[in-house]
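Structural overview for review
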Amino acid sequence: MYIVKFPHPTLRHKSKALRTVDAELRKIIRQMFELMYENEGIGLAANQVDLPYRMFVMNVRADPEALDEEHCFINPVITKRSGTAEGEGGCLSFPGIYAPVRRPEKVVLAAYNPAGQEVTYELDGLYARVVQHETDHLDGVVFVDRLNATGKLAVKQPLEDLQRQFESDRRRGLIPKDDRIAARLAELEKVRT
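Being a predicted model, the structure only gives us computed values, none of them experimental.

As for the environment of D169
As for its position among the elements, D169 is in helix α4 (residues 156-171). Measuring from C-alpha to C-alpha, the distance between D169 and A45 comes to 22 Å, with 124 residues separating the pair along the chain. Filtering out sequence-adjacent residues up to four positions away, D169 remains in contact with L174 and I175. Looking at D169, its side chain comes within polar contact range of the side chain of Q165, at 2.8 Å.

Here's the deal with the sheet that holds strand β7 (residues 118-124)
Pairing within the open sheet is antiparallel, and its five strands lie in the order β1-β2-β3-β6-β7. Either end of the sheet is taken by a strand with one partner, and the two such strands are β1 (43-45) and β7. Recorded for the sheet is a direction-independent mean angle of 40 degrees between the axes of neighbouring strands. Both strand β3 (residues 71-82) and strand β6 (residues 106-112) contribute to a ladder of six bridges, which runs antiparallel. Paired with I74 across the bridge in β6 is Y112. Seen against the sheet, helix α1 (residues 23-38) touches β1, β2 (55-58) and β3 and runs at an angle of roughly 45 degrees to β2.

Here's the deal with the layout of surface pockets
A volume near 460 Å³ is recorded for the largest pocket. Lining the largest pocket are 24 residues, and of these I42, G89, G90, C91 and H133 sit closest to its centre. Elements represented by at least two residues in the lining of the largest pocket include exactly β4 (85-90), β5 (98-103) and α2 (125-138). Residue composition of the lining of the largest pocket, by class: eleven nonpolar, eight polar and five charged. By volume, the second largest pocket is sized at about 230 Å³. Around the second largest pocket, the lining is made up of 17 residues, and of these Y2, V4, K5, H8 and I175 lie nearest the centre. Going through the elements one at a time, α4 and α5 (178-192) are the ones with two or more residues in the lining of the second largest pocket. Ranked by residues supplied to the lining of the second largest pocket, first place goes to α4 with four residues.

Some points on the pairing of β3
Taken together, the four bridges between β2 and β3 define a ladder with antiparallel strand orientation. Note on β3: the bridge partner recorded for F56 is F73.

Digging into the packing of aromatic side chains
Evaluation of the coordinates by the stated rule reveals five aromatic pairs. Here F56 and F73 contribute two aromatic rings whose centre-to-centre distance is 5.3 Å and whose plane-to-plane angle is 55 degrees, an arrangement assigned as tilted. You can see F56 sitting in strand β2 and its partner F73 sitting in strand β3, a full 17 residues away along the chain. Exposure class is identical for F56 and F73. Each is buried. Judged by relative accessible area, which is 4%, F73 ranks as buried. Ring pairing ties together the aromatic residues F6, F94 and F143, which thus form one cluster.

Reading the values: rules and limits
- Residues numbered from 1 in each chain as written.
- Predicted model: local features only at pLDDT ≥ 70, side-chain atom pairs only at ≥ 80, totals over all residues.
- Heavy atoms only, no water.
- Helix = DSSP H or I, 4+ residues; strand = E, 2+ residues; numbered from the N terminus.
- Contact = heavy atoms within 4.5 Å.
- Polar contact = N/O pair within 3.5 Å; in protein donor to acceptor, adjacent residues only side chain to side chain.
- Pairing = 2+ DSSP bridges.
- Axes fitted to C-alpha atoms, helices over the stretch in contact; angles between N-to-C directions.
- 1 Å grid on protein atoms, 1.4 Å probe; cavity = no way out; pocket = protein on both sides within 12 Å on 5 of 7 lines; lining within 4 Å.
- Points joined across faces, edges and corners; volume = space filled by probe spheres on them.
- Nonpolar A, V, L, I, M, F, W, Y, C, P; charged D, E, K, R; others polar.
- Phe/Tyr/Trp six-rings, centres within 6.5 Å; stacked < 30°, edge-to-face > 60°.
- Buried < 20%, exposed > 50% of the residue type's maximum accessible area, 1.4 Å probe, protein only.

Following this line, the structure appears as structure tokens:
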């Protein structure tokens, strides 16, 4: 398992709802947490690890010892948004790129946990920002899509650098062509969604 970087096509793939939570899915969740911690992240969506599933993990302390801060949300839906706040956005799929992002200040999130129980959280601050960022991923939206014109201009060169690296990796055979990626995602969806 690895984190895909922009402009990998899976980042634009709208994730599908999961039908069941089983031992294999729990193993994937654990691997996602480990990968998130290795990369010093606070959230990681399934499509960031090249999986088409509607789920993400988060720990706003980025600390594997802070088990009380570990959360996995399966089939998350933001049911309410309120207020507005601006804060620095960044993403493990956009290494080294940060820019101010305006988002709702508070959200209500409904989802399932890995035990298959329905959960609802009222969140604000960093929790609300992470949940919105990761839920965007599941809808094929990346944080640079949320930037204003000034922010987009500020990240133009780093995005072009990522694009060149992606194209170079693809030429070297490290990243499959889009049709092969789409076929793989469709096969994975048949198994779990």
